[in-house]
Amino acid sequence: MTILITGATGNAGGAVAQSLAAQGIPGRGLVRTTTQLPAGIEPVTGDLNRPESFAGALPGITGIFLLSGYERLGELLANAVRAGVRKVVVLSSSSLDGEPANAVAAYHHATEEAVRESGLAWTFLRPNSFMSNTLRWRDQLRAGDEVRVQFPDVPVSTIHPLDIGEVAVRALRGAHDSEVLRLTGPVALTPVEQVAVLAEGLGRPLTAYPMSRAETHAELRATMPAPYAAAIESFFGDGTIDETSVTTTVAEVTGHPGRTLREWVRENGSLFG
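Please read these numbers as outputs of a predicted model, since none were measured by experiment.

A. Representation of the overall build of the protein chain within the structure. For the protein chain, the count of helices and strands is 10 helices and nine strands. A principal-axis box enclosing the C-alpha atoms of the protein chain has dimensions of 55 × 40 × 35 Å. Expressed as a percentage of the 273 residues in the protein chain, the buried residues total 50%. Here the contacts in the protein chain between residues at least 6 apart in sequence split such that 72% fall between residues at least 24 apart. Total accessible area on the protein chain stands at roughly 11900 Å², and carbon and sulfur atoms take up 51% of it.

So this is what it looks like as structure tokens:
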């Protein structure tokens, strides 16, 4: 088997590449510019919005790890069918636990529906927020020891990207066909508690500044398009999704407990330097 990994240098795609390499499974990593990938993962230069740019890399591929929300998805899937690809594992979203009535849920829903209609076998992964999202505080940490946190009272069971990677590889090897897997971390922590874990791991006296809803609204609108800002406020401010509950899916699929935020900080603390 050989796997095509879209977003091979990203958080989730990179974790899939690491998991494949650790198991000695060959892969091809779709990247925009040639870069070094884990051993056994061959870089393929292309653009996910331009399926013709990597159609030549599809023959011999048995499965695709696919990111959501890109253009011309029908063309990509048709190319995959013609090339003999058997299965697609989609990185979808917890946002689809509710109605796909906002900008974030809508593009994940569209991707899932296109894959369902393609005739390919599929598994949809719907993870919570990633532990690697703590990197959004990196610039603040470089400026000082105070971290401004949005939705400070909302606990989230964030997930380690490597757990997503391991689950994806299990699915790409033929397990969990036609299943939707809801993935969470092992414990729910508020952003204030996450900052405390980060402070412990980095050995720094960090303090969390709890942002008000008005401050959060203004910051979101300043940093992303309004429809996406509205979706984030709906998810965490209005509680339209549940990222607080903990599922046992990671442990059931991988055979080990989900990795903790402390583990993620220990492995990635140097990124905050």
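So much for the structure itself; the text now carries on.
B. Summary view of the sheet that holds strand E8 (residues 179–183). On the basis of which strands lie adjacent, the open sheet formed by seven strands has the order E3-E2-E1-E4-E5-E6-E8 and parallel pairing. Bordering the open sheet on either side are strand E3 (41–45) and E8, each of which pairs with just one other strand. Across the sheet, the mean angle separating the axes of adjacent strands is 20° when strand polarity is ignored. By the bridge criterion, five bridges tie strand E2 (residues 27–31) to E3 in an arrangement that is parallel. Counted as the bridge partner of Gly27 is Ile41 from E3. Strand contacts of helix H1 (residues 11–22): strand E1 (3–5), E3, strand E4 (63–67) and strand E5 (87–91), with the helix running at about 150° to E1, the strand carrying the most contacts.

C. A look at helix H8 (residues 226–237). The first and last C-alpha atoms of H8 sit 15 Å apart over 12 residues, in line with the 16 Å expected at 1.5 Å per residue. Where H8 is buried, its residues meet helix H3 (103–117) and helix H7 (213–223). With its phi angle positive at about 70°, Gly239 sits one or two positions after the end of H8.

The rules we used
Residues numbered from 1 in each chain as written. Predicted model: local features only at pLDDT ≥ 70, side-chain atom pairs only at ≥ 80, totals over all residues. Heavy atoms only, no water. Helix = DSSP H or I, 4+ residues; strand = E, 2+ residues; numbered from the N terminus. Buried < 20%, exposed > 50% of the residue type's maximum accessible area, 1.4 Å probe, protein only. Contact = heavy atoms within 4.5 Å. Areas by Shrake-Rupley, 256 points an atom, 1.4 Å probe, with all protein chains shown as cover. Pairing = 2+ DSSP bridges. Axes fitted to C-alpha atoms, helices over the stretch in contact; angles between N-to-C directions. Expected span 1.5 Å × (residues − 1).

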